[in-house]
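# Coordinate analysis (summary)
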Amino acid sequence: MLHSRVMLALSRIAVVGIILAMPVLGSAQDQHAHAGAGVLELNNGDKWATDAPLRSGMEKIRDLIATPQAVMAAGGSVSASQARLVAGGVRQQVEYLMQNCKLEPQADAALHVLIARLLEGAEQLQSSPASGGGLARIRSALDGYSQYFDHVGWEAGGMAEPAALAAQFQQALAGKLQAAMKVGGPVGAIAVCKVEAPAIASRLSRRSGWQVKRVGTRVRNPLSGLPDAWEQHELSRFQQRLQSGESAAKLEELAIVDGPQGPVVRYMKAIVVAPQCLACHGAREAQPQKLRAALARDYPHDAATDYALGDLRGAFSLQRLVPTKTTPAAE
């Protein structure tokens, strides 16, 4: 028992050393290059127990990598500045875990394996952001956490998956709108929003298992764009955050709420008015007569006009049931 405690104490000192060395990126870190190669094992077939600090820290790390993962999934790349911020955030949360987690010795030893892997991922992310390897390593460590540690609600998956779907929706719709504007101007774009946007949402929903849609602060199509109570609340919060000066890129929310069939994970990502949106959503009196006629024909109850550049237009909204564990049938 004494030997076990000594070894765990030395392990904790080693990982603290990694944390302190990470910003310097010197030879001291190289000494720990294989620190994450330890073997993870279950607790006699069960997952290791967690405490509140561990759950909080891991959830924050999962959320930290959600946006860059979504960017890369949509075909983009992570900037050096964003990589530094994410890597620094991971290190900060690791330090929080080291200072606050109070686990049983065996669980603590397993956690050290994952911590080393998280730090290796942060190092790779900062040194080579475009490769995607650092994000993949952090994601792998988080997958190991969910496999070996008992964290109720983790199965909801965090922001990464819905954020990636929202990014794909935005990218696909923007491409269709740009092509239509070149050919038919704003009138051509109306047809895209009416036909292509629901088709993109339906396709993403079928492929992913999420319900994918858009909602508006003011609605053009009452049949598809009306926010429910939770969405209205989040849109109101987005508006407050936007007015307080928060970047539009950070306006997203993930929550688990009660639904009629059980817990539901819900995600929203804000949509703000860009210059190209103003042709159809700007001042009504500035719209050409042909455009007004097309809107009146396709959207007789249209209220989605008179927006200004940078206004909150609405949000991508996704939801799905929280996956539940199934018990294998008796043999």
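Check the entry above for the structure.
Quick caveat, the model's predicted, so the values are computed rather than measured. (Residues numbered from 1 in each chain as written. Predicted model: local features only at pLDDT ≥ 70, side-chain atom pairs only at ≥ 80, totals over all residues. Heavy atoms only, no water.)

### Re the environment of alanine 83
Defined as follows: The secondary structure listing takes helices from DSSP runs of H or I that are at least 4 residues long and strands from runs of E that are at least 2 residues long, numbered from the N terminus. Should any heavy atoms of two residues lie within 4.5 Å, those residues are considered in contact.
Counting through the fold element by element, alanine 83 comes out in helix H5 (residues 80–100). The sequence separation of alanine 83 and glutamate 123 amounts to 40 residues, and the corresponding C-alpha distance is 9.8 Å. Excluding anything up to four places from it in sequence, alanine 83 contacts Val78, Leu125, Gln126 and Pro129.

### Examining the environment of leucine 173
For the record, the criterion: For every residue, the accessible area (1.4 Å probe, protein chains only) is compared with the maximum for its type, and the residue is labelled buried under 20%, exposed over 50%, or partly exposed between those bounds.
Considering the arrangement of structural elements, one finds leucine 173 in helix H8 (residues 160–208). Looking at leucine 173, the relative accessible area reads 6%, which means it is buried. Linking leucine 173 and cysteine 193, residues 20 residues apart in sequence, is a C-alpha distance of 8.1 Å. Setting aside residues no more than four positions away along its own chain, leucine 173 makes contact with Val192, Ala197, Ile200 and Arg214.

### Describing helix H4 (residues 66–73)
Those residues of H4 that sit buried are Ala66, Pro68, Gln69 and Ala70. Looking at the buried residues of H4, the elements they touch are helix H3 (52–64), H5, helix H7 (133–148) and H8. Looking at the residues trailing H4, positive phi occurs at glycine 75, about 95°.

### Observations regarding unusual backbone geometry
The backbone of asparagine 44 sits at a positive phi, close to 55°, despite the residue not being glycine. You can see asparagine 44 is positioned in the loop between helix H2 (27–30) and H3. You will see that aspartate 306, though not glycine, has its phi angle at about 65°, which is positive. Mapped onto the elements of the fold, aspartate 306 is located in the loop between helix H11 (289–298) and strand E4 (312–321). For aspartate 306, a relative accessible area of 46% corresponds to the partly exposed category.

### Overview of the sheet that holds strand E1 (residues 211–216)
Keep this limit in mind: At least two bridges found by DSSP between two strands is the condition for calling them paired. The axes used here are C-alpha line fits, helices contributing only the stretch in contact, and every angle between their N-to-C directions lies in the interval 0 to 180 degrees.
The strand order across the open sheet built from 4 strands is E1-E4-E3-E2, with neighbouring strands paired in antiparallel fashion. Each edge of the open sheet is held by one strand with a lone partner, namely E1 and strand E2 (252–259). Neighbour-to-neighbour, the strand axes of this sheet turn through a mean angle of 25°, independent of strand direction. Of the strand pairs in this sheet, strand E3 (residues 262–272) and E4 are connected by 9 bridges, and their pairing is antiparallel. Paired with methionine 268 across the strands is serine 317, a residue of E4. Here H8 sits on the sheet in contact with E1, E2, E3 and E4, set at roughly 50° to E1.

### Focus on the nonpolar core
Put simply, the test is: Put simply, buried Ala, Val, Leu, Ile, Met, Phe, Trp, Tyr and Cys residues joined by side-chain atoms within 4.5 Å make one nonpolar core.
If you look at the biggest cluster of nonpolar residues, it comprises 34 residues, and the most contacted ones within it are Leu54, Met58, Leu118 and Phe149. Elements supplying a minimum of two residues to this core: H3, H5, helix H6 (105–127) and H7. When residues in this core are grouped by element, the largest group, 10 residues, is from H6. Apart from the residues lying within four places of it in its own chain, the contact partners of phenylalanine 149 are Lys47, Trp48, Ala49, Thr50, Leu54, Leu103, Ala107, Ala110, Leu111 and Leu114.

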